[in-house]
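One letter stands for each residue in the lines below.
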Amino acid sequence: MGTEFKTQADTFISAGTSHVRGTLSGWARFWQQAGSGLGHARQGLLAGVAGLALVSGALIETPSFGQATAKKPATKKKVVAKVEKGPSAAKGGVLPKSALTIVLKSTAEGFADIEHLFKLAAAPEQSKTLVETIDLFLKGVNREKPLAVQSYVAGTNLKHMISLPIADAKALKEFLKNLNDVDLGNKPVPGALNLFEIKGLIEAGAFLRFDPKIAYAVIAEWRDEAEAYKTVPDAALLGTDDLVVLVEGSAAQSAERKTAFARLRKESVDAIKRGPKETQAAFDLRKQAVLNQLDEFERFFVDAETIRLGWTTDTKANVATLTIDLTPLPGTDLAQSAELLGTHANEFQGLSAEGSVVTGDINFPLDTLRKKQLAANIPLTVAALDEETDADTKLTAAEKTAGKQLSAAGGELAAGLGRIGVLNGFIRIYPSGSGKFVLLAGGKVEDSSKMVDLLKAAAERLGGADRLSVDVDSEGDVKIHALSLAAYQKDYPEIIAADGKMYIGLTPTKMWLAGGDGALEKLKAAIQANAKETPSTAGPVAKFDANIAPWLKILDRELGSIGDPTLRKLALEAFAAGKDTWGLSLTKAGNKVTVSIRFDEGVLRMAGKVGAKFVKESLE
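Residues numbered from 1 in each chain as written. Predicted model: local features only at pLDDT ≥ 70, side-chain atom pairs only at ≥ 80, totals over all residues. Heavy atoms only, no water.

> Help me out: how do you make sense of the side chain of Lys159 in this one?
By secondary structure assignment, the location of Lys159 is in strand S3 (residues 157–165). Side-chain polar atoms of Lys159 contact the side chain of Glu221, separated by 3.4 Å. (Helix = DSSP H or I, 4+ residues; strand = E, 2+ residues; numbered from the N terminus. Polar contact = N/O pair within 3.5 Å; in protein donor to acceptor, adjacent residues only side chain to side chain.)

> I keep staring at the pattern of salt bridges and nothing clicks. Help me out?
Enumeration over the complete set of coordinates arrives at 37 salt bridges. One salt bridge in this structure joins Arg557 and Glu494, with 2.7 Å as the shortest N-O distance. With Arg557 in helix H17 (residues 549–559) and Glu494 in the loop between helix H15 (486–489) and strand S16 (501–507), the pair connects residues that are 63 residues apart, well separated along the chain. Judged by relative accessible area, which is 40%, Arg557 ranks as partly exposed. Judged by its relative accessible area of 15%, Glu494 is buried. Close ionic contact of Arg598 with Asp600 constitutes a salt bridge, the shortest N to O distance being 3.0 Å. Residues joined by salt bridges that share partners form a network here, namely Glu296, Arg299, Asp333, Asp367 and Arg370. (Salt bridge = Lys/Arg side-chain N within 4 Å of Asp/Glu carboxyl O. Buried < 20%, exposed > 50% of the residue type's maximum accessible area, 1.4 Å probe, protein only.)

> Would you take a moment to explain the packing of helix H12 (residues 368–391) against helix H13 (residues 397–420) for this structure?
Any two packed helices are characterised by how steeply their axes cross, that is the angle between the axes, and by the distance between the axes. Between H12 and H13, the least distance of the axes is 9 Å, while the angle of their chain directions is 170°. By the criterion of interaxial angle, the relationship of H12 to H13 is roughly antiparallel. Where H12 approaches H13, its residues Lys371, Leu374, Ile378, Val382, Leu385, Asp386, Thr389 and Asp390 are matched on the opposing element by Lys400, Lys404, Ser407, Gly411, Ala414, Ala415, Leu417 and Gly418. Partitioned by chemical class, the residues of the contact of H12 with H13 number seven nonpolar, four polar and five charged. (Axes fitted to C-alpha atoms, helices over the stretch in contact; angles between N-to-C directions. Parallel < 35°, antiparallel > 145°, perpendicular 65-115°, else oblique. Contact = heavy atoms within 4.5 Å. Nonpolar A, V, L, I, M, F, W, Y, C, P; charged D, E, K, R; others polar.)

> How should I be thinking about unusual backbone geometry in this particular structure?
Backbone geometry follows two general trends: most residues other than glycine have a negative phi, and most peptide bonds adopt the trans configuration. One non-glycine residue, Ala215, lies in positive phi territory at about 60°. Here Ala215 lies in the loop between strand S6 (206–211) and strand S7 (216–220). On the accessibility criterion, Ala215 (13% relative accessible area) is buried. Phi at Ser434 is positive, roughly 60°, even though this residue is not glycine. By secondary structure assignment, the location of Ser434 is in the loop between strand S12 (422–433) and strand S13 (436–444).

> Looking at this structure, I do not really get the environment of Leu138. What am I missing?
Examined against the element boundaries, Leu138 turns out to sit in the loop between helix H6 (124–135) and strand S2 (147–154). The spacing of Leu138 and Thr107 is 31 residues in sequence and 8.7 Å in space, taken between C-alpha atoms.

Structure representation (structure tokens):
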């Protein structure tokens, strides 16, 4: 192997190992940062199920694997067989049922997907570099057969096995030689056929066993686990997907899964640190966001019978799809939560999505856990907002008082959602020409009179009571008010009309919002259409389709140098070519809940650009 490839290999190993070992802390930081901005809705089933992919990745980082980097120089100290050292998952020579299974269709398919993403990003050289770097670790591996990782609950840990397709003894020799080339030393185990010790992969060493009858090799921490593995990866799990992650709750007792998750919870909570310039109120809010997500993820991990994540990249249609199917264990808290889906009538069914560039609908019940989370979040959010208000030296005393009234009114409005027990609302955004848009949104509330209190506080905060005009119009039983946002029009001309007016329509239990040029007419037409429909439980629990570029432009303009401007620039370049869309749906059929997320060409192009950036900075 050439010096250039060896250097790339070392860099790649180091980067990959750092990524794996940082899964827990990185995951925790993500939720800390996201918690204050995304609100309580993202703590629902969508975030919980989709986040299971992160949980799975975090749980792989156990004391069994990932404790030492592959780049660590091979030690000369003799490694002895560890089968006598402690408990193994393969009791009596039989492996338990896999709790977590990851299957990749083939390395050829994986390479084709990488090359396609980089092709969309016009970065063929970076694609070649990345594929060649990954290929360094796959000499001797059959490119056309599935690869798998299987994990078993063993005591307080998940133990893992890697299954690789290797055609014959010649290919095995090539694979072992390549392991030596990347500092993963190996040697035959005396008296055992096709069994090898591997040094450097994990701190204590590992075992590789090759079975020529099935043309697969398995890598495991314990010798008897490697010897007990007799089957090839189940290709049927893939279906039409390129990659599948399957979590099977029945593989271990609930108590065992709780014990395994306890370690993730402890490390995630330990990773939450107050920043040097962060106030206590802001820190408390971030920490609560992490705790909420841990509660959600633990319930999915402990109470799910099966969770299947399937990823497909359609290189002809330039679309990628992530599908998540969840089946809860009967009689569990998760099953009771799932049973609530589809039991509330949607109050906003008569709204067409025709012509909109952003369409969102949600009719999501709040179970006991999420009501508890909402109740915990509200006072922390109000405290953090009030703290920001007090710290703003540009505000007068009257404006600060109004600001606190606004946060209190918002908190009471949110508390009402917990009492009615459902998030039911919609959003539509329509282009109005010249890069401008009309925004429509609405939702079910407990008592709209509290919304009036919020509007009055907002008007005072914006500069005086005259900023609110009451009963400017009506449509049916909906009374329409106007709030002047003229102070913000120059910052958000895309969605705030030149006169600065935002329209708010209220019935006793509904609120409507509209902004932008022609907003009042759009609002009245939507109210008319909705009045013709009878609320029912039909339709998805949640559905969202949107373009990205216009909103990313606004965000980039407002953030300036805050965050990662380079990454936002790459995204804007990717979306400039169009097809900057994605979509999400959440449905329930029988006892199975399905989340489907679609990423269109622009998002794939962005992924290619980000990947190319990584290659340039780390591998070239």
